[in-house]
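# Remarks on the overall topology
In case you want the letters, here they are:
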Amino acid sequence: MREIANLALKLFVITAVAALSLAFTNSITTDRIAEQTAMENESARQGVLSQAESFEQVDQSELQSIAREAGVENPEMINEAFKGLKGSETVGYTYKVLPKGYGGEITLLVGISTDGEIAGVEVVSHSETPGLGAKAQEETFQGQFTGMTTESPLTVIKSGSPGENEVQAITGSTITTQAVTDGVNAAVDVFNEMNK
Amino acid sequence: MKSFLKNLWNGIIPENPTFRLVLGMCPTLAVTTAAINGLGMGLTTMLVLIGSNVMISLLRNFIPDKVRIPAYVVIIASFTTIVGMLLQAYVPSLYESLGIYIPLIVVNCIILARAEAFASKNGVLDSFADGMGMGLGFTLSLTVLGSVRELFGAGSIFGIQILGAGYEPALIMILPPGAFLTLGLLMGLLNKVSNKREERSRVND
């Protein structure tokens, strides 16, 4: 009995010190981490909509109802939207979309300017296969979307030269390509609905 | 000083964690899809190994033998989490490149194995050397594995194109089967080399 009490006490001391250290570290780092994440998000938005100087978040519930009205298949995919401003003028919108890729959810950022052109697309995070779907993060893939219009939905082609609003699939990763394209199309649908 | 170097060297070649101790197989197979991933994972693991070995060694007389495993796990997991949080807050660029490996390291059995086999029974300086040596050995193995898989699976090493555009990459190399194949073949090769050396030294005696 004595021995068990001794073991339990020592283990308790170890876990208590561990918990205290973790709580302490958490308290001193939480704000900094939140700051860092906010800065990262801001610069990511800038990356897909370079014309904008500042961003204003679109109300979440409003966004969801717009997505539903736009006929997006699963509106929860549209996670966030920001209005891009230059001074007081709206220059475009950025959308955070979460389509389902081959290995899981893909976090996509789509920037669309007010004149109906895709300003930029960035695959922020993914669980796709390295060397295959992971190529979606390369500029050669992402850059394809820049300049495409919001007039017609984007389609994926496996071979041949891509025409207007056609996306060249990554070799061996049509599922990833289709997921990203679906995500961009969803953002386009929401944008069109917002600008009716 | 001598024992420090001996312990350091031990983890790099004689008792290399990947090819001799065969530990930490999960991250080894999963992360070596490219040379840079292997290097990053290896170095991050080394830092955690050094830290955990030192801590366990410092506490070796306090931790009761019968509850040593839960004690080690709590200490290692807390230490790794704290390092991760500090990196994320103060050195975000480093966290960007290495941060993804941190949750994987907590479940790396090399850390627990060295705590149990070495740090709990040796002094702080020796434990430091062991952590560093095992970490360096692990880094070496992962980088070699990653390089081989990247070379045949993507035609490059560390992102630098080595094999020309004419080479059709064997995608299987960057998928799980490729990991097993590369690891197995490399291990076989190393065993053959060391068996030959042993034979030669035996013949010479």
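Moving on to the overall build of chain B. When helices and strands are counted, chain B shows nine helices and two strands. Relative to its length of 205 residues, chain B is compact, with a C-alpha radius of gyration of 19 Å against a globular reference of 17 Å. Its C-alpha atoms give chain B principal-axis dimensions of about 60 × 60 × 30 Å. When burial is assessed residue by residue, chain B has 45% of its 205 residues classed as buried. Sequence-distant contacts, at least 24 apart, represent 74% of the contacts inside chain B between residues at least 6 apart. Just so you have it, chain B exposes about 10,400 Å², and 70% of that area is on carbon and sulfur atoms. Charged side chains of chain B number 14 positive and 11 negative; the gap between the two group centres comes to 7 Å.

Tallying secondary structure elements over chain A gives four helices and seven strands in all. Against the globule reference of 16 Å for 196 residues, chain A gives a C-alpha radius of gyration of 22 Å, more extended than a compact globule. Its C-alpha atoms give chain A principal-axis dimensions of about 80 × 45 × 30 Å. Counting only residues that meet the buried cut, chain A has 42% of its 196 residues in that class. Within chain A, contacts between residues separated by at least 24 positions form 51% of all contacts whose residues are at least 6 apart in sequence. On chain A, roughly 10,300 Å² of surface is accessible, and the fraction owed to carbon and sulfur atoms is 51%. Here chain A contributes 12 positively and 27 negatively charged side chains, and the mean placements of these two sets differ by 11 Å.

A word on the interface of chain A and chain B. If you look at the interface, chain A gives 22 residues, while chain B gives 23 residues. A salt bridge links Glu3(A) to Lys66(B), with the nearest nitrogen and oxygen atoms 3.2 Å apart. Counting every contact that joins chain A to chain B gives three residue pairs in polar contact (both at pLDDT 80 or more). Among the residues forming the side of chain A that touches chain B, the class breakdown is 10 nonpolar, eight polar and four charged.

Right, let's get into a positive patch on the surface. Residue and element names in this part refer to chain B. A grouping of Lys192, Lys196, Arg197 and Arg200 is seen on the molecular surface, where their side chains present a positively charged patch. Its place among the elements puts Lys192 in helix H9 (residues 176-204). Look at Lys192 and you get exposed, because its relative accessible area is 53%.

All names here are of chain B. Take Ser201: it is sitting in helix H9. Ser201 sits in the partly exposed class, given a relative accessible area of 39%. Separated by 165 residues in the primary sequence, Ser201 and Ile36 place their C-alpha atoms 37 Å from one another. From its side chain, Ser201 meets the backbone oxygen of Glu198 in a polar contact 2.8 Å long.

Let's shift gears to the environment of Asn7(B). All names here are of chain B. Note that Asn7 resides in helix H1 (residues 2-12). Owing to a relative accessible area of 13%, Asn7 belongs among the buried residues under this scheme. Here the alpha-carbon distance between Asn7 and Asp130, two residues 123 residues apart in the chain, equals 5.2 Å. Excluding residues that lie within four positions of it along the chain, Asn7 makes contacts with Phe118, Asp126, Ala129 and Asp130. At 3.2 Å, the side chain of Asn7 forms a polar contact with the side chain of Asp126.

Okay, the pairing of strand E3 (residues 89-97) of chain A next. Residues and elements named next belong to chain A. Of the pairings in the sheet, the one linking strand E2 (residues 78-86) to E3 comprises eight bridges and is antiparallel in character. Bridged to Ala81 within E3 is Tyr95. Taken together, E2 and the strand that follows it, E3, pair antiparallel across an intervening segment of two residues, in which Gly87 is found at a positive phi of about 75°. In this sheet, strand E4 (residues 107-113) lies alongside E3 in antiparallel orientation, the contact comprising six bridges. Within the sheet, the bridge partner assigned to Val97 lies in E4 and is Leu108.

To continue, consider the packing of aromatic side chains. All names here are of chain B. Here the structure, examined in full by the defined rule, presents four aromatic pairs over all chains. With centroids separated by 6.3 Å and ring planes inclined at 25°, the aromatic side chains of Phe4 and Phe128 adopt a geometry described as stacked. Linking Phe4 in helix H1 with Phe128 in helix H8 (residues 124-154), this pair joins segments that are 124 residues apart in sequence. In this structure Phe4 comes out as buried when scored by relative accessible area, which is 18%.

Residue and element names in this part refer to chain A. If you walk across this open sheet you meet the five strands as E1-E2-E3-E4-E5, and the pairing is antiparallel. One side of each edge strand has no neighbouring strand; the edge strands of this open sheet are strand E1 (54-57) and strand E5 (117-125). For this sheet, the mean inter-axis angle between neighbouring strands, taken without regard to orientation, is 25°.

Procedures and definitions
- Residues numbered from 1 in each chain as written.
- Chains lettered and ligands numbered in written order.
- Predicted model: local features only at pLDDT ≥ 70, side-chain atom pairs only at ≥ 80, totals over all residues.
- Heavy atoms only, no water.
- Helix = DSSP H or I, 4+ residues; strand = E, 2+ residues; numbered from the N terminus.
- Rg over C-alpha atoms; globule rule 2.2 N^0.38 Å.
- Buried < 20%, exposed > 50% of the residue type's maximum accessible area, 1.4 Å probe, protein only.
- Contact = heavy atoms within 4.5 Å.
- Areas by Shrake-Rupley, 256 points an atom, 1.4 Å probe, with all protein chains shown as cover.
- Lys, Arg positive; Asp, Glu negative; His and termini not counted.
- Charge placed at Lys NZ, Arg CZ, Asp CG, Glu CD.
- Salt bridge = Lys/Arg side-chain N within 4 Å of Asp/Glu carboxyl O.
- Polar contact = N/O pair within 3.5 Å; in protein donor to acceptor, adjacent residues only side chain to side chain.
- Nonpolar A, V, L, I, M, F, W, Y, C, P; charged D, E, K, R; others polar.
- Patch = residues over 30% accessible without salt bridge, like charges linked within 9 Å, V, L, I, M, F, W, Y side chains within 5 Å.
- Pairing = 2+ DSSP bridges.
- Phe/Tyr/Trp six-rings, centres within 6.5 Å; stacked < 30°, edge-to-face > 60°.
- Axes fitted to C-alpha atoms, helices over the stretch in contact; angles between N-to-C directions.

Note that all results are geometric; they support no functional claim without further evidence.
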